[in-house]
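Listed here are the chains, written in short residue letters.
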Amino acid sequence: VPPAFALPIDECRRFRAAGGRLDDEVWRAVLDGLAGLEERTGRRLGDPEAPLLLSVRSGAAVSMPGMMDTILNLGMTDEVAAGLARLSGDPEFARTTHVRFVHEFGRTVLGADLDEPTGDTTAGAVREAVRRDTGEDVPADPHAQLRGAIHAVFGSWSSRRARAYRKHWGLTDDGGTAVIVQAMVFGNLGGDSGTGVLFTRDPLSGSRDSYGEWLPRGQGEDVVSGTHDPLPLSALRDQLPDAHG
């Protein structure tokens, strides 16, 4: 499990009470947490020679699938993308990872209305589309990226879809979400990588059978977003028996 740190739910309440502002004390704690991740991984945020990329995700006390925001591959810049291409030996992996980040940040943090990337989309093209739609730029400073992502995840607790979900299920609005900042893993790096979901019960029948899906070369919410066709666990057993075991 990659190293991580969390901003607890109490900080979400403080964030909302302050009108959507992260106070200086919390930001200093975030930077301390980031320094710990850099020490444990031997990588640094924004360093093309040893890049650390981050996922910034929600962690509500009650599961709200698909309701809260997530930003993956945070820390990508043009220089980091070039370094990632050198280190991995796979320029296409670096390109798609860069595109994923710019698209996700533009849509989730800046509110851009964007088409889904195609096979030849560049990060520069997505960045320009974000600028045209919002009048704002995806930050080139990874620390500004991190601050914006934390704001977005805390803010997603109060989004229209999250409020509607809680109303439907009789959940209170006065809770909040944690923010988990974690070193990235790359489900999109090669055919023996992927993303997936696993349940210890069949959610339809309740029987004690492992149930889930996986997606080779997938990342994050690809397996549950409806934009890809995931595979059953039996396909994982056939293709990667050790991982399945």
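Coordinates for the structure precede this section.
Residues numbered from 1 in each chain as written. Predicted model: local features only at pLDDT ≥ 70, side-chain atom pairs only at ≥ 80, totals over all residues. Heavy atoms only, no water.

### Observations concerning the sheet that holds strand β4 (residues 177-183)
One key point about sheets: their strands pair by backbone hydrogen bonds, in either a parallel or an antiparallel sense.
Logical step 1: Spatially, the four strands line up as an open sheet ordered β1-β4-β2-β3, and their pairing is antiparallel. A single partner strand is all that each edge strand has here, and the edge strands are β1 (4-7) and β3 (71-74). Across the sheet, the axes of successive neighbouring strands diverge by a mean angle of 25°, strand direction being ignored.
Logical step 2: Examined bridge by bridge, strand β2 (residues 54-60) and β4 share seven bridges and lie antiparallel to one another. Looking across to β4, one finds that Leu-54 is bridged to Ala-183.
Logical step 3: In this fold helix α2 (residues 24-41) packs onto β1, β2 and β4, with an angle of close to 170° to the strand it touches most, β1. (Pairing = 2+ DSSP bridges. Helix = DSSP H or I, 4+ residues; strand = E, 2+ residues; numbered from the N terminus. Axes fitted to C-alpha atoms, helices over the stretch in contact; angles between N-to-C directions. Contact = heavy atoms within 4.5 Å.)

### Here we look at the side chain of Thr-97
Logical step 1: Tracing the backbone shows Thr-97 in helix α4 (residues 91-108).
Logical step 2: Residue class for Thr-97 comes out buried when judged on its relative accessible area of 0%.
Logical step 3: At a separation of 2.7 Å, a polar atom in the side chain of Thr-97 contacts the main-chain carbonyl oxygen of Phe-93.
Logical step 4: The residues touching Thr-97, leaving out its near neighbours within four places in the chain, are Leu-53, Asn-73, Met-76, Leu-84, Phe-186 and Asn-188. (Buried < 20%, exposed > 50% of the residue type's maximum accessible area, 1.4 Å probe, protein only. Polar contact = N/O pair within 3.5 Å; in protein donor to acceptor, adjacent residues only side chain to side chain.)

### Details of the nonpolar core
Logical step 1: Among the nonpolar cores identified, the biggest contains 53 residues, and Leu-7, Leu-54, Leu-146 and Ile-150 are the most heavily contacted of them.
Logical step 2: Aside from chain neighbours lying at most four places away, what touches Leu-146 is Trp-27, Val-30, Leu-34, Leu-54, Val-56, Leu-74 and Val-181. (Core = buried A, V, L, I, M, F, W, Y, C linked by side-chain atoms within 4.5 Å.)

### Some remarks on α4
Logical step 1: The end-to-end C-alpha distance of α4 is 26 Å, a good match for the 26 Å that 18 residues give at a rise of 1.5 Å each.
Logical step 2: Inspection of α4 places Phe-93, Ala-94, Thr-97, His-98, Val-99, Phe-101, Val-102, His-103, Glu-104, Phe-105, Gly-106 and Thr-108 among the buried residues, and these make up the whole buried set.
Logical step 3: For α4, the elements touching its buried residues are β3, α3 (78-88), α5 (123-134) and α6 (142-156). (Expected span 1.5 Å × (residues − 1).)

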